[in-house]
Amino acid sequence: MADCLFCAIVAGEAPAQIVDSDEHTVAFMDINPATAGHALVIPRRHSADLLEISDSDLEHTMVAARRLAAQPQPHGLVVRPFDPRAHVVDVCGPLQA
Ligand SMILES: [Zn+2]
């Protein structure tokens with residue numbers, strides 16, 4: 001979607017500190033973090049909200065969030081599923097820069 005910041009990040013057209021990605025998802029640090037280490041995990045395909053996302057993209061996003069949370073971190077991560085704003089999953093907790 002042309003006016004979506006998250007889609008611009010996925011396309012590499014907007015800057016982001018990407019911490020994980022795969023064929024279906026991208027994870028990056030939130031520019032306005034709610035906690036230290038607040039990251040967002042989003043599907044590469046645009047979804048306006050949780051009700052619009054496909055089952056497949058939702059599954060891939062949750063699997064990616066779990067993969068990110070399972071990565072060795074000095075302080076651990078807390079997965080906070082279902083960001084009510086637009087995209088799907090927040091992963092909170094300190095991450096190494
Ligand atoms: Zn989008």
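Residues numbered from 1 in each chain as written. Predicted model: local features only at pLDDT ≥ 70, side-chain atom pairs only at ≥ 80, totals over all residues.

Draft legend 1. Inspection of the overall build of the chain at higher detail. Counting secondary structure elements, the chain contains two helices and five strands. From first element to last, N terminus to C terminus, the chain shows the α and β order α-β-β-β-α-β-β. In the chain, the proportion of contacts linking residues at least 24 apart, taken out of those at least 6 apart, comes to 44%. (Helix = DSSP H or I, 4+ residues; strand = E, 2+ residues; numbered from the N terminus. Contact = placed C-beta atoms within 7 Å.)

Draft legend 2. Quick peek at helix 2 (residues 55-70). If you check helix 2, its first and last C-alpha atoms are 22 Å apart, about what 16 residues at 1.5 Å a residue would give, namely 22 Å. All of the buried residues along helix 2 are His 60, Thr 61, Ala 64, Ala 65 and Leu 68. Here the buried residues of helix 2 occupy an arc of 140 degrees about the axis, which is enough to place them on one side. Away from the buried face of helix 2 by more than 90 degrees, exposed residues Asp 55, Ser 56 and Ala 70 are located. (Expected span 1.5 Å × (residues − 1). Buried ≥ 20, exposed ≤ 12 C-beta atoms within 10 Å, placed from the backbone. Arc of directions from axis to C-beta.)

Draft legend 3. Representation of the pairing of strand 3 (residues 39-43) in the model. Most of strand 3 is tucked away: five of the five residues are buried. Covered by surrounding structure in strand 3 are Ala 39, Val 41 and Pro 43 together with Leu 40 and Ile 42, the residues of both alternating faces. Bridging between strand 2 (residues 25-29) and strand 3 involves five bridges; their strand directions are antiparallel. Looking across to strand 3, one finds that Met 29 is bridged to Ala 39. (Pairing = 2+ DSSP bridges.)

Draft legend 4. Inspection of the nonpolar core at higher detail. Counting twelve residues, the largest nonpolar core is built from Phe 6, Val 10, Val 26, Ala 27, Phe 28, Ala 39, Leu 40, Val 41, Ile 42, Ala 64, Ala 65 and Leu 68. Contributions of two or more residues to this core are made by helix 1 (5-10), strand 2, strand 3 and helix 2. Top element by residues in this core is strand 3. It accounts for four residues. Not counting chain neighbours up to four residues away, the residues in contact with Ala 64 comprise Asp 20, Asp 22, Thr 25, Ala 27 and Val 41. (Core = buried A, V, L, I, M, F, W, Y, C linked by C-beta atoms within 7 Å.)

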